[in-house]
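# Remarks on the overall topology
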Amino acid sequence: MDTLSRSPKAQHKILIIEDDQPIRERLARAMSSHSDCVVVATGSLQDARAAFAAQHPDLILSDLRLPDGNAIDFLMEARRAAPNAEILVVSVLGDENTILAAISAGASGYLLKDALPNDIYATAMDVLAGGSPMSPSIARLVVMHARASQSTGSYANKRLDLTDPLTPREMDVLWGIAKGFSYAQIALQLGMSANTVPSHVKAIYRKLRVDNRSSAVYEAVQSGIIQL
Amino acid sequence: MINHVEKIKSLWRAGSPIAAAVAFSWAFSLLLSGQSANFRGLQALIAMSCESGPSANAENRDAASELRCQTDLNLPTPSPYQTGHMVRDGQDLALLIPVFRDYLVVTVNGVTVGQARLNQWRMPARLATMPTIISLPRQTLKPGINRLEIEVRGLAGREPSLGRTYLGPEADALAQFHRLWFIGEILPTLILGGQAALALMFFTIWNRRRQEAALGWFSLVLALDTFRGSAVIPALGAESASVSYWSLLVPFSSAAYVMFARALVGLPNTKRSLIVWIAPAFLSLAAILAAPSTATGVLMPLGVIVIGANLVWASIVLVIGWRRQVPETRLLLFCTLLFAGLVLHDVLLSLRVIEGQMAVARPGLLVVLVAMITLMIKRFTGAMTELDRTAEILRTRTTEIEARLTQADEQLRAQREAAILAQERARLMRDLHDGLGGEMVAVLALAERDTGKGPDIAYHARAALSDMRLIIASLEDYGGDLAMALGAWKERAEPQMVAAGLKLHWELNDLGTRFQFGPTQILDILRILQEALANVIHHADATIITVGACLADGELALSFTDNGKGFRHQVSRGKGLTNMHSRVANLGGRLDIDAANHGTSIVLRLPV
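Thresholds, definitions, all that
Residues numbered from 1 in each chain as written. Chains lettered and ligands numbered in written order. Predicted model: local features only at pLDDT ≥ 70, side-chain atom pairs only at ≥ 80, totals over all residues. Heavy atoms only, no water. Phe/Tyr/Trp six-rings, centres within 6.5 Å; stacked < 30°, edge-to-face > 60°. Helix = DSSP H or I, 4+ residues; strand = E, 2+ residues; numbered from the N terminus. Buried < 20%, exposed > 50% of the residue type's maximum accessible area, 1.4 Å probe, protein only. Pairing = 2+ DSSP bridges. Axes fitted to C-alpha atoms, helices over the stretch in contact; angles between N-to-C directions. Contact = heavy atoms within 4.5 Å. Buried area = accessible area lost by both parts, 1.4 Å probe. Salt bridge = Lys/Arg side-chain N within 4 Å of Asp/Glu carboxyl O. Polar contact = N/O pair within 3.5 Å; in protein donor to acceptor, adjacent residues only side chain to side chain. Nonpolar A, V, L, I, M, F, W, Y, C, P; charged D, E, K, R; others polar. pLDDT = per-residue confidence, 0-100.

What follows is about the packing of aromatic side chains. All names here are of chain B. The tally for this structure, following the rule as stated, stands at 11 aromatic pairs over all chains. Look at Phe203 and Trp206: their rings are 5.8 Å apart centre to centre, the planes differ by 50 degrees, and that puts the pair in the tilted class. Placement of the pair is Phe203 and Trp206 together in helix α3 (residues 170-208), with a separation of three residues, close to one helical turn. Here Trp206 falls in the partly exposed class, since its relative accessible area comes to 23%. Aromatic pair Phe218 and Phe260: ring centres 4.9 Å apart, planes at 55 degrees, arrangement tilted. Of this pair, Phe218 sits in helix α4 (residues 213-229) while Phe260 sits in helix α5 (residues 249-265); the two residues are 42 residues apart in sequence, bridging distant segments of the chain.

This is the structure:
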């Protein structure tokens, strides 16, 4: 367990779980270089569990594939233990499988491993501020899935769980995000106030989050259909 | 279903012998009852003396002759009603006359007690017989010798004749009369109904299936016979008192029967087969033109000869059919001959060559009908069997073809999958080679030099990673929607722009869903954008990038604009420009590059 920075003025407690040391250090540097972050970085799930219990982090940055197993179980547990903790998944490619798994684990988004330090910090702060960022990839995945299940009437190839069906307004918002528009642009196009878009996004996340082990993605990861 | 048909088939395989037996026993019993002299309780008046002479009736000059028969009845004394083997107590005596022609008057001791006419029953055929019963009232009889006289007159041109006459108690005579009446009148009427129904049925079948010519002809036979025998016809007024014109239909009917036999056997219907109609036509014409006496006396026997000849002709045709093994001709031949025999019986009866009680040809027509019905049912069951077999064959073939199609389908699918796989593999290899490969080689080369090339290595590694992400992004499912692919690219590219101090303006119009882009095209488009972005980051000194997409003039226009120092100062990276152009060529679009001092505008136009 490396404790890289400890600032008296720390406001945000951040847990980093990444087995590759250079990347772990890079991530930790990106956060701890700002004085408002307290970072605990670990390289295995076992360490992560201990750190989580000791630290009670506000934000977890976690790789999904770790030497002692995949992180989904741990992230679910963490979410249940600390519902207010935010999660960002760290990924090399940001591909569909990773995004699905991240959503399943209750993450608010993902970070690319080679992201520039400023981006990493900005994204983390965004999440911690409750800004509900949603990337075009996530939006597209949800939209495509919802559209397919509408046209076929059933979740033939079910990979995404929704606790409630999405409203048409939420679908509109998702379309906008998937096409790369900013929240302000979307609000303008849909004729809603700028504050309404983030609240729609929060609602969507709520519907996406299925914190249990019977979710389709969880099963797909466990059975190897989705390989992380 | 098939079991049922099998049962019916096996039942009707024995159908011909059964039908033949029925027909034979019917004809035989008719002949028997026609010839039977055994009238229980009645006594034949054998000792009757007859003489023929010129007609006493001056009004009817055509009546050639008259037959007077007489006999003495010896009734016992004192009362004929109390004793005697012949007469039972309290009963009247009655005469039963089964066969006579055409008009008779009975007198006892000079008193006329009754008369009867053959044609009063509207029997159109002169070959037909009709029994008559005449009561002898007790007032006219006296004990001892009674003279019984019977005067018989023929219609115009016909010899009068009287068959055997019977005397007995009225009740017994009536019983025998009813029997003869049933066979002579009721049965032919029933057969008439059957004929009419069958005629209609066969006509309907023939009308729908003209290839069944035999059925058409047989329907004509039945129709002619039905008209001729129809009890309605005399009421139409065409029947003269002395000439039975409707009987002229019978030669036609027999001619039609010949045609039926020919059609059944499969002989061709040529102009020569019209011969069959000549004799009936001649007879009809002659009968209409000739005097009633000639019509009845000469043409009627001629008509009978024509009928007989036609029956023989039909029989010969059926023999030919038998030789050719046409099914069921044997049964029909048998029944035709039986019927001819019955007709012969009636002719002999009418000529008084034989003595009998009634004519049997009309009730005997049932024989031919039995044969025809059997034939029909056999054809029907045959057709059903054929249908079953055809259905079975079709089912088998369908199964075979289905199996073959499924196999072909699977082969096709396997081929298609293999082709797609090969195509994808080729694409992926080309994509990796184009982008990733080159960058990795550059990284390697820089790393080997190991002289503070850190930033350069980072540059190429980042480019390699970004290209790999583009490849992966191109493989994802956008549902053919380019806007979403552009959104995905923006997500990847924006951090690079931010790092380079660039601000992105994202101005996508609604592109609709008319474009359906495949992974190859999407990758090409994204790489063009990526290339343009790389140019701007490294060479343009710009601060703002505007990416726009819109539909205009049937084209999709994708624009990438910066506010840098203009393209002419960026020519150093010629390879990037070449790559861009080759990708535009792949897409079948064109690239407009407008480089000015205040920035560069690159517009990719794709045809819709």
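Now that the structure has been shown, we can carry on.
Our next topic: the sheet that holds strand β6 (residues 103-108) of chain B. Residues and elements named next belong to chain B. If you walk across this open sheet you meet the five strands as β2-β3-β9-β6-β7, and the pairing is antiparallel. The strands lining the two open edges of the sheet, one partner per strand, are β2 (49-53) and β7 (111-117). In this sheet, adjacent strand axes meet at a mean angle of 20 degrees when their direction is disregarded. Relative to strand β3 (residues 66-75), β2 runs antiparallel, the two being bridged by five bridges. Its bridge partner lying in β3, Ser49 is registered against Gln70.

With that settled, consider the sheet that holds strand β1 (residues 43-44) of chain B. Residues and elements named next belong to chain B. Ordered by their spatial adjacency, four strands build an open sheet running β1-β11-β4-β8, and the pairing between neighbours is antiparallel. Of all the strands in the sheet, the pair left with one neighbour each is β1 and β8 (132-136). When strand β4 (residues 93-97) meets β8, the two strands line up antiparallel, connected through five bridges. Across the sheet, residue Ile97 finds its bridge partner in β8, namely Thr132.

Right, let's talk about the interface of chain A and chain B for a bit. At the interface, 24 residues of chain A touch 23 residues of chain B. Around 2100 Å² of area is buried between chain A and chain B when both sides are counted, 52% of it from carbon and sulfur atoms. The interface formed by chain A and chain B holds zero salt bridges in total. The tally of links from chain A across to chain B stands at six residue pairs in polar contact (both at pLDDT 80 or more). Elements with a contribution of two residues or more to the side of chain A that touches chain B: β8 (109-112), α6 (136-152) and α7 (168-178) of chain A. No other element matches the five residues that α6 of chain A contributes to the side of chain A that touches chain B. Counted by class, the side of chain A that touches chain B contains 10 nonpolar, six polar and eight charged residues.

This paragraph deals with the confidence of the model for chain B. Residues and elements named next belong to chain B. Summarising the model, chain B shows a mean pLDDT of 79, and 85% of its residues fall at 70 or more. For chain B, the element scoring lowest by mean pLDDT is helix α1 (residues 2-13), at 65; α5 scores highest, at 90. Taken as a whole, residues 79-87 scores under 50 in pLDDT and shows 19 contacts with residues more than four places along the chain or in a different chain. Ignoring residues within four places in sequence, the model shows residues 120-125, a span with pLDDT below 50, making 14 contacts including any to other chains. This prediction of the complex comes with two scores: 0.49 for pTM and 0.77 for ipTM.

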